[in-house]
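One-letter residues, chain by chain:
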Amino acid sequence: MDLGIKGKRAIVCASSKGLGRGVAEKLAEAGVDLTLNARTEATLRATANEIADKYGVKVQIVAEDVTTETGRNALLKAEPQPDILVNNAGGPPAGNWSEWGEEEWLKAINNNMLTPILLMNAILPGMIERKWGRVLNITSGSVKSPISSLGLSNAARNGLTGFVAGTARQVAKHGVIINNILPGSHDTDRTKGFLERTAEAKGISIEEARAAAYAENPTGRYGTAEEFGAAAAFLCSQYSGFIVGQNLLLDGGAYNSTQG
């Protein structure tokens, strides 16, 4: 299926590995030139080289912390007029409400709410002027079904969701489409780390921990970065022009609701 975005230019944040890389791969497969961002230059460069070689698209890297003003400025200097922006950042650590003070709250809000908002604020005027744009925010399934130990993430990501709900409806008439994509459990390094901690805490093998986690999902497995990337690429395509301000949950049916 031709997504109609060949030759477009995209910024993909946190894209050296995991779900961010999955999105970058599928955009490249659709013919999109990429600006990839992550903090670790060696990993980022290796990913960029592999994607460029495989798909024949132009790929540049910005090895900066995009949650800082310096990092955002460097990213926007490298690609000042993206047609597509994919916001992505790791979530804050788990814990208990009583453990979080002002410093923890400010960091969570900056990383998972303000940073994507500021990037949108920077690129939306250009998209509006050109009458075309796609913004996709990778948030979390916890936006729909909060996880008690992830209060920092629940709050910050819901703040972003609220911003998108209004803004997406203001810019849609200009051909600029903003949506959120909400991952559940996918087979990434972060999930592997979670399984290792679970196995250690319960005194079981990683294989046993994985089997138990799989059994909790209606599909009997975790999602893959490839299928996540494919769904994301569709939301960045020419066909998403009537999908506005939505929250697409990719969790294998783990969230149990009649209305999604």
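Structure report, in brief.

How each quantity is defined
Residues numbered from 1 in each chain as written. Predicted model: local features only at pLDDT ≥ 70, side-chain atom pairs only at ≥ 80, totals over all residues. Heavy atoms only, no water. Helix = DSSP H or I, 4+ residues; strand = E, 2+ residues; numbered from the N terminus. Buried < 20%, exposed > 50% of the residue type's maximum accessible area, 1.4 Å probe, protein only. Polar contact = N/O pair within 3.5 Å; in protein donor to acceptor, adjacent residues only side chain to side chain. Core = buried A, V, L, I, M, F, W, Y, C linked by side-chain atoms within 4.5 Å. Contact = heavy atoms within 4.5 Å. Expected span 1.5 Å × (residues − 1). Arc of directions from axis to C-beta. Phe/Tyr/Trp six-rings, centres within 6.5 Å; stacked < 30°, edge-to-face > 60°. Lys NZ or Arg CZ within 6 Å of the ring centre and 35° of its normal.

### A short note on the side chain of Asn88
Thought 1: With respect to the secondary-structure elements, Asn88 resides in the loop between strand 4 (84-87) and helix 4 (102-130).
Thought 2: According to the relative accessible area criterion, Asn88 is buried, its value standing at 17%.
Thought 3: A distance of 3.2 Å separates a polar atom in the side chain of Asn88 from the backbone oxygen of Ala14.

### With respect to unusual backbone geometry
For residues other than glycine, phi is negative in most cases, and the peptide bonds are mostly trans.
Thought 1: Of note, Ala14 is a non-glycine position whose phi angle comes to about 50°, a positive value.
Thought 2: Its location among the elements puts Ala14 in the loop between strand 1 (9-12) and helix 1 (18-29).
Thought 3: Residue classification places Ala14 among the partly exposed positions, given a relative accessible area of 28%.
Thought 4: In this structure, Lys131 is a non-glycine residue whose phi angle is positive, near 65°.
Thought 5: As for its position among the elements, Lys131 is in the loop between helix 4 and strand 5 (133-138).
Thought 6: Given a relative accessible area of 52%, Lys131 falls into the exposed group.

### A closer look at the nonpolar core
Thought 1: Leu27, Leu34, Ile84 and Ile181 are the most contacted members of the largest nonpolar core, which has 31 residues in total.
Thought 2: When contributions to this core are tallied by element, the ones reaching two or more residues are strand 1, helix 1, strand 2 (33-38), helix 2 (41-55), strand 4, strand 5 and helix 8 (225-235).
Thought 3: Sequence-distant contacts of Leu34, defined by excluding residues within four places in its chain, comprise Ala10, Val12, Ala24, Leu27, Ala28, Ile51, Lys58, Val59 and Gln60.
Thought 4: Counting 22 residues, the second largest nonpolar core, distinct from the first, contains Cys13, Leu160, Ala168 and Val171.

### Brief notes about helix 2
Thought 1: For helix 2, spanning 15 residues, the distance from its first C-alpha to its last is 21 Å, which sits close to the expected 21 Å at 1.5 Å a residue.
Thought 2: Residues Leu44, Thr47, Ala48 and Ile51 constitute the buried set of helix 2. Axial view of helix 2: buried residues confined to an arc of 100°, hence all on one face. Exposed residues lying more than 90 degrees from the buried face of helix 2 are Ala42 and Asp53.
Thought 3: The secondary structure elements touched by the buried residues of helix 2 are helix 1, strand 2 and strand 3 (59-63).

### Some points on the packing of aromatic side chains
Thought 1: One pass over the full model with this rule turns up 3 aromatic pairs.
Thought 2: When the ring of Tyr214 is compared with that of Tyr222, the centres are 5.1 Å apart and the planes differ by 80°; the resulting orientation is edge-to-face.
Thought 3: Under the relative-accessibility criterion, Tyr214 is labelled partly exposed at 23%.
Thought 4: By relative accessible area, Tyr222 is classed as buried at 8%.
Thought 5: The aromatic ring of Trp132 is capped on one face by Lys8, whose charged end is 4.2 Å from the ring centroid.
Thought 6: Above the face of the Trp132 ring, Arg134 is positioned so that its terminal group lies 4.3 Å from the ring centre.

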